[in-house]
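# Survey of secondary and tertiary structure
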Amino acid sequence: MGISRPSRPVLLTTLASAGALLFTTLAPGSATADPSPGGRDILREGSPLSSTDRAAKAPKSAADRALGAAKSPGLDAGRGKNRGYPREQKLTPPPANPDDKSIKLGLSPYHSIAPKLNDIQGIGDRVSVEIAGRSAGGHPLYLVTVTAPESAKETARQERMRDLIENAPGAAAKDPAVKSSYKTPVFINNNIHGNEWEGTDAALKLIEKLAKAKDATSKDLLAHNRLYFNVTANPDGRIAGTRSNANGFDLNRDFITASQPEVRAMRQVAIDKQPAVMIDLHGYVNGTLIEPTTPPHGENYEYDLFLKNTYANALGMEAAVNGLGYTPEKDGVEPAVIPFRDQEEGWDDWPPIFTPQYMPFHGAVAAHTIEFPMAVNNDEYDELPVPELRRRSAINVDIAGAAMTATLDYTHKHRTSVIADQIETFRRGATGAAQVPVSPETVPGVPGIGPEDVYTTEFPRAYVIPRGKEKGERGQRSAAAASRLVAHLLDNDVEVRRATRDFRLGGVSYSEGSYVIDMRQPKRGLANVMLADGRDISDKVSTMYDISGWSLGRLWGATVDSVRGGSLTGVRSRVVDSASRVGQVASRGDLRLRLDDAREVAALNWLLARGTSVRRADDGSVILPSSARGAASAAAKKYDVAFDATKAKGGALVRATRVAAAVTPGELFALREMNFDVVPVSTDVLNAGFDWKKSGADALFVSAGLSYGELNSGARAGLDAFLAGGGGLVGRGAEGAALNSDAKLLSVEAVSGNGDANGVVRVVNSGGAVTGGAVEHSFVYAPMWFKGLGSGVRVEQSYGAGNPLLSGHWRAANGAGGPADAAGQASVVSGSAATSRVVLFGTEPLFRDHPKGVFPQVGRALLSVG
């Protein structure tokens, strides 16, 4: 990247089977990392639920916990927000667990953390512990604050200054009190990947050291800064030795979606504490990897301010880590690596799904992923002798501590400029100021900045989510989808207004009640990163680390208009703190429930489970008789969905569908979000004697972990009998298509595109039971399409003409499999009951629980084949 690169280890990226990225560290050493950088490994959504996976075996309570509280209640809700510091409390330790995977490494098992924090709180008056939330598995999440004592009055003063910085940045920049006495917030996040343990232990050591310190430097540090430690972001994974939480989710891919309670807790820390500097501790890449990253860089950041501080802090961490004295010859530890300086591509900060790539939208002007060097997880955990594992873990704890200490030193020394840059970040958003492209002139002192590092965007003047109250007026495809999207924006601290009168903006008329997102607000970058289309970056870099497109504006099911020009002065509106409820039931006649949103599918399944009579309509919606008005009212209240009056009588009865699912953890979670009764299956489960009749399954959903060719004769006969006896199949991706072909069901030819491609794509819907009223965009990862359609095969959806990719990264591989090859081809197909009860998806409609507006296509498919 750029010029005058020093000779350093370089990560090379290559395409592997099924599109997974492999990374190879060229630096020598006896303790090199996994072939891929484990801390940010691409674990494709094709990774199936194993027969021993916690998400497959006993996930229901974890899923319910995540789905039951969409918004974090905030830190220590109800305990008094403006109390002073310390805020000590005696934690209740969980029962000792001898199976905690940390023990083998000589690290702190989860059950030891609460007693340790209780002891540290007793040392003095600098350490406070709050419960930030609970994990999917039910474990408390401990947020530790270390700072000099504050009276309640001083804490309130700090909160006023924090609010001034965000919401009145112009005034904050001129306020001498902010400059002299505002405590800089620093956030240290640990163990977000459960089997990357050592940050937790380094944090506990540092917290105890600061609690005891009597030197003037430490006292001055704590007098001018607040240090926040998320001791373990993923206790479920720490205990079990897994990357994921109890729902099977990689939490460091969930920040733009926030489907998991642990991520919502971290999001609340970002909102409530407003860190100016943060680091996220991971493993394992040798030598220690310290961000900033390679291109492409997120285009919605104030990247000049971010790069200035992140690179400078990285240099300090590099010096501290290398200064510990570990060597390749003696210890197997390579020198630290800074990707921005030392690599060309392959470790980017483009998607806002990672912790350090999300935090800048809440004011962090330095944010880093740090990867320890010495691998102790996966094969190493199982195969290496305990003394060697503990040697490696001790080195990692040492390196994590050095990174933490260096970050505190940088923040303390540059406290005034760091806060000034945070204020400037919010000021640009609030005033609509232009971004400043990075260059050697705008970010002096950072080597190698070139045109490949310049990513900026043009922010619209506003976004409008229209209401649409009269027939023919532009309105919502689904009021439930609009409500969901607005609630999500508010949960992310984006300011949303609601029009109190009809108005006209950008040449379009809108109704009273429409939502307006004024893009002159402090967190405009976050609003834009969620609502904008994004960008096709296929020509910018040869490969991407993870997903490249994610637009909530296109994928969450609501109508979202981008308004480029015009003035908002004539728009009468008020700021809202919650989305208006849309649940209602028509007062007379039969009732129609649209199935355009996951909440509507969930409401339908809830009604079916209670025996409510429901019939199908031709457009994919469902009809309830007027006698079901009481049940509909209960569902409307519970799921906030609308039941409209209709004169249509409907056709066949809709019956509850129990789903046998060989899927990824994210898909299992999404199915449960739509209230499907799910029994996880796999090749191993079927080979062990799965009884289809006793299971009560009506449909089989296959995307991962079920191979027809690997079934034994009994399992194959049982599956054949299920399908021949009326059981339906919904298949997604290569494995779904392969099972369809092997079982000789739907006559189609499945074509695989570039396995590394992903993003938001334009689609054309054919209507009917699966795609009636569906959104005009979908999501793909390793896209597929279908050709050679036989008799009775219906095209439910096709890729758009030309280049169907709206945003993301999709290139041809070896001259084939690109977007031009997919254009106009069938992306979703189905078979009638007379041929086969099958629906096949070439898209990825449930990816990581994200594309909410596409979920109903899967819901409708399962209901139709079941």
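Scroll up to find the structure.
Since the structure is predicted, the reported quantities are computational estimates derived from the model, not experimental observations.

Rules behind the numbers
- Residues numbered from 1 in each chain as written.
- Predicted model: local features only at pLDDT ≥ 70, side-chain atom pairs only at ≥ 80, totals over all residues.
- Heavy atoms only, no water.
- Helix = DSSP H or I, 4+ residues; strand = E, 2+ residues; numbered from the N terminus.
- Rg over C-alpha atoms; globule rule 2.2 N^0.38 Å.
- Buried < 20%, exposed > 50% of the residue type's maximum accessible area, 1.4 Å probe, protein only.
- Phe/Tyr/Trp six-rings, centres within 6.5 Å; stacked < 30°, edge-to-face > 60°.
- Lys NZ or Arg CZ within 6 Å of the ring centre and 35° of its normal.
- Pairing = 2+ DSSP bridges.
- Contact = heavy atoms within 4.5 Å.
- Axes fitted to C-alpha atoms, helices over the stretch in contact; angles between N-to-C directions.
- Salt bridge = Lys/Arg side-chain N within 4 Å of Asp/Glu carboxyl O.
- Core = buried A, V, L, I, M, F, W, Y, C linked by side-chain atoms within 4.5 Å.

### Concerning the overall build of the protein
Along its length, the protein carries 30 helices and 35 strands. Since a compact globule built from 866 residues should have a radius of gyration of about 29 Å, the 27 Å found for the protein is in line with a globular shape. When its C-alpha atoms are laid out on the principal axes, the protein stretches across 80 × 65 × 55 Å. Expressed as a percentage of its 866 residues, the buried residues of the protein come to 62%.

### Some remarks on the packing of aromatic side chains
Under the defined criterion, the tally for this structure stands at 21 aromatic pairs. Pairing Tyr301 with Phe306 gives two aromatic rings, centres 5.8 Å apart and planes at 15 degrees, and the pair type is stacked. A single burial state applies to Tyr301 and to Phe306, both of which are buried. Summarising the aromatic geometry, the rings of Tyr311 and Phe340 are spaced 6.3 Å apart at their centres and angled 65 degrees between planes, so their arrangement reads as edge-to-face. A residue pair is termed long-range when its members are at least 10 positions apart, and Tyr311 in helix α11 (residues 303–322) and Phe340 in helix α13 (residues 339–342) qualify at 29 residues. Here Tyr311 matches Phe340 in class, with each residue buried. In this arrangement the basic side chain of Arg87 is found over the ring face of Tyr85, its NZ or CZ atom lying 4.3 Å from the centre.

### A few points about the sheet that holds strand β11 (residues 366–372)
Taking strand neighbours across the sheet as the criterion, the 7 strands line up as β3-β4-β6-β5-β7-β11-β8 in an open arrangement whose pairing is mixed. Only two strands of the sheet have a single partner each, and these edge strands are β3 (127–134) and β8 (289–290). Relative to strand β6 (residues 225–230), strand β5 (residues 184–190) runs parallel, the two sharing 6 bridges. Its bridge partner being in β6, Asn189 is matched across the sheet by Asn230. Strands β7 (277–283), β8 and β11 of the sheet are contacted by α11, whose axis makes an angle of about 35 degrees with β11.

### Topic: the pairing of β6
Most of β6 is tucked away: 6 of the 6 residues are buried. Here β6 shows no split at all, with Asn225, Leu227 and Phe229 on one side and Arg226, Tyr228 and Asn230 on the other all buried. Across 4 bridges, strand β4 (residues 140–146) lies against β6 in antiparallel orientation. Note on β6: the bridge partner recorded for Val146 is Leu227.

### Description of the pattern of salt bridges
According to the stated counting rule, one finds 48 salt bridges in the structure shown. For Asp331, the salt bridge goes to Lys330, with nearest N and O atoms at 2.8 Å. Taking relative accessible area as the criterion, Asp331 reaches 10% and is therefore assigned buried. The network of salt bridges with common partners includes Glu150, Glu159, Arg162, Glu166, Lys183, Arg226, Asp493 and Lys523.

### Some remarks on the nonpolar core
Proteins that are soluble and globular tend to have nonpolar side chains buried together. One finds Ile465 and Ile517 to be the most contacted residues of the largest nonpolar core, which totals 144 residues. Top element by residues in this core is helix α16 (residues 386–413). It accounts for 8 residues. By size, the runner-up hydrophobic cluster in this structure holds 47 residues, among which are Tyr639, Ala699, Phe701 and Ala861.

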